[in-house]
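Secondary and tertiary structure notes
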Amino acid sequence: MRFDVVTIFPDYLRALDLSLVGRAVATGTLEVHVHDLRRWAHDRHRTVDGTPAGGGAGMVMRPDVWGKALDEVMGLDGTGSSTDGADPAPGRRVLVVPTPSGELFTQRTAEDLASAATITFACGRYEGIDARVAQHYRARGVEVRELSIGDYVLSGGEVAALVVIEAVARLVPGVLGNPDSVVEESHGADGLLEHPAYTRPLSWRGLEVDPVLVSGDHARVRRLRRDQSIARTAQRRPDLVAVLGASALDGADRAA
Ligand SMILES: Nc1cc(-c2ccc3cc[nH]c3c2)n[nH]1
């Protein structure tokens with residue numbers, strides 16, 4: 001999978017050189033290309049924004065600059081591959097536009113995006129990107145996903161891009177060292193939060209690890225963990241419990 005990120009703060013994406021994503025890039029499992037939007041702003045001041053039509057505070061990012069950038073980065077400018085833009089590679093191409101007014105990004109969204117061949121992120125700043133940009137690329141048949149990572153307001157799309165890239169990248173085969181890590185986690189297929197995790201020392205500051213966990217009885221361990229997941233979900237995320245089927249809560253011990 002290839003990720004492209006277009007931003008006026010390319011250094012913000014240096015975190016992608018590290019850890020999970022950084023290792024996957026080094027091994028060739030992923031490609032990550034970060035592009036400075038100002039490369040496509042050709043006026044003397046390299047302007048990327050303008051005053052809002054209809055008035056109001058702040059500035060809006062210009063569609064003409066974004067159009068030149070995204071055409072090249074997504075390989076839509078008719079010249080085939082650009083210097084480091086995506087060739088018109090086969091496979092699903094997605095344009096992600098982070099925005100507080102987008103569809104909520106969830107683990108289901110990450111699972112859906114994990115089948116894309118290329119994901120391009122248009123990271124806005126100021127008051128956001130002119131709405132015609134998303135409209136234009138949808139009209140050209142590009143899959144455009146305007147995504148929110150939660151109900152709070154950030155100052156730009158870069159943090160959201162980092163969140164989405166990490167959540168999607170870890171689902172790409174070969175990225176995680178241990179694929180089993182994807183299986184047991186919060187927000188998994190069963191819709192429950194993950195059970196609490198413990199390790200040694202078994203006794204720490206008067207707090208003991210449940211002896212079932214070191215009993216070797218795998219059935220009892222599974223049942224304890226499921227009970228803990230259900231209790232944790234009911235306590236912390238009643239909204240998730242509301243959408244679970246009765247089977248998901250089958251006879252669980254409600255012990256916290
Ligand atoms: N979930 C969420 C996304 C954002 C976001 C995304 C892009 C921009 C551009 C300017 N401000 C932005 C804020 N805030 N909160």
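Residues numbered from 1 in each chain as written. Predicted model: local features only at pLDDT ≥ 70, side-chain atom pairs only at ≥ 80, totals over all residues. Heavy atoms only, no water.

What to know about the pairing of strand S5 (residues 93-104)
Filter applied, for reference: Two strands form a pair only when DSSP identifies at least two bridges running between them. A helix here means a DSSP run of H or I that spans at least four residues, while a strand means a run of E at least two residues long, and both kinds are numbered starting from the N terminus. If the strands point away from the viewer and the path from the first strand over the helix to the second runs clockwise, then the crossover is right-handed.
Note: S5 against strand S6 (residues 118-122), 4 bridges, orientation parallel. Paired with Val-94 across the bridge in S6 is Ile-119. Once you follow S5 into helix H3 (residues 107-113) and on to S6, the crossover reads as right-handed. As paired elements, S5 and strand S7 (residues 143-148) share 7 bridges and run parallel to each other.

Examining the pattern of salt bridges
To keep things clear, this is the line we draw: For salt bridges, the criterion is a side-chain nitrogen of Lys or Arg within 4 Å of an Asp or Glu carboxyl oxygen. Exposure classes here rest on a 1.4 Å probe applied to the protein chains alone. A residue is buried below 20% of its type maximum, exposed above 50%, and partly exposed in between.
Scanning the model with the defined rule gives 18 salt bridges in all. In this structure, Glu-111 and Arg-108 form a salt bridge, with 2.9 Å as the shortest nitrogen-oxygen distance. Placement of the pair is Glu-111 and Arg-108 together in helix H3, with a separation of 3 residues, close to one helical turn. Among the residues examined, Glu-111 registers a relative accessible area of 39% and is labelled partly exposed. The partner of Asp-227 in a salt bridge is Arg-223, with the nearest N and O atoms 3.4 Å apart. With Asp-227 and Arg-223 both in helix H7 (residues 218-236), this residue pair falls 4 residues apart, about one helical turn.

Details of helix H5 (residues 158-169)
Turn by turn, an α-helix covers 3.6 residues, leaving residues three or four places apart pointing in a common direction. What counts here: Here a helix's expected span is defined as the number of its residues, less one, multiplied by 1.5 Å. The criterion used for residue contact is that any of the two residues' heavy atoms lie within 4.5 Å.
Across its 12 residues, H5 extends 16 Å between first and last C-alpha, which sits within 8% of the 16 Å expected from 1.5 Å per residue. Burial runs high along H5: 9 of the 12 residues are buried. Residues of H5 that are buried in the fold lie against strand S1 (2-7), helix H1 (19-26), S5, H3, S6 and S7.

Concerning the side chain of Thr-99
Tracing the backbone through its elements, the reader meets Thr-99 in strand S5. Ignoring anything within four residues of it in the chain, the contact list for Thr-99 reads Glu-146, Leu-147 and Ser-148.

Structural notes on the side chain of Asp-71
Topologically, Asp-71 is positioned in helix H2 (residues 63-73). The exposure class assigned to Asp-71 is buried, which follows from its relative accessible area of 18%. For Asp-71, the residues in contact, after removing those within four places along its chain, are Leu-76, Asp-77, Tyr-137 and Arg-140.

So, the layout of surface pockets
Selection rule: The definitions used throughout rest on a 1 Å grid laid over the protein atoms alone, on which a cavity is an enclosed set of points accommodating a 1.4 Å probe that cannot get out and a pocket is an open set flanked by protein within 12 Å on both sides along at least five of seven lines; lining residues are those having an atom within 4 Å of a point. Grid points are joined across faces, edges and corners, and a volume is the space filled by probe spheres set on the points. Here the nonpolar group is Ala, Val, Leu, Ile, Met, Phe, Trp, Tyr, Cys and Pro; Asp, Glu, Lys and Arg are the charged ones; every other residue, Gly included, is treated as polar. How far each domain reaches was decided by an automatic or database domain assignment.
When its volume is computed, the largest pocket comes out at roughly 470 Å³. Forming the boundary of the largest pocket are 27 residues, of which Pro-98, Thr-99, Pro-100, Glu-127 and Gly-128 lie nearest the centre. Those elements that provide at least two residues to the lining of the largest pocket are S5, helix H4 (132-139) and S7. For the lining of the largest pocket, the class distribution of residues is 14 nonpolar, 9 polar and 4 charged. Its boundaries defined by the atoms lining it, the second largest pocket holds a volume of some 380 Å³. In terms of lining, the second largest pocket is formed by 17 residues, of which the most central are Thr-106, Gln-107, Arg-108, His-187 and Leu-240. Per-domain counts for the lining of the second largest pocket show at least three residues from each of domain 1 (2-169) and domain 2 (190-255).

Quick word on H1
Within the sequence span of H1, burial applies to Leu-20, Val-21, Gly-22 and Ala-24. For H1, the secondary structure elements touched by its buried residues are strand S2 (31-36) and H5. One or two steps after H1, the chain reaches Gly-28, where phi turns positive at roughly 85 degrees.

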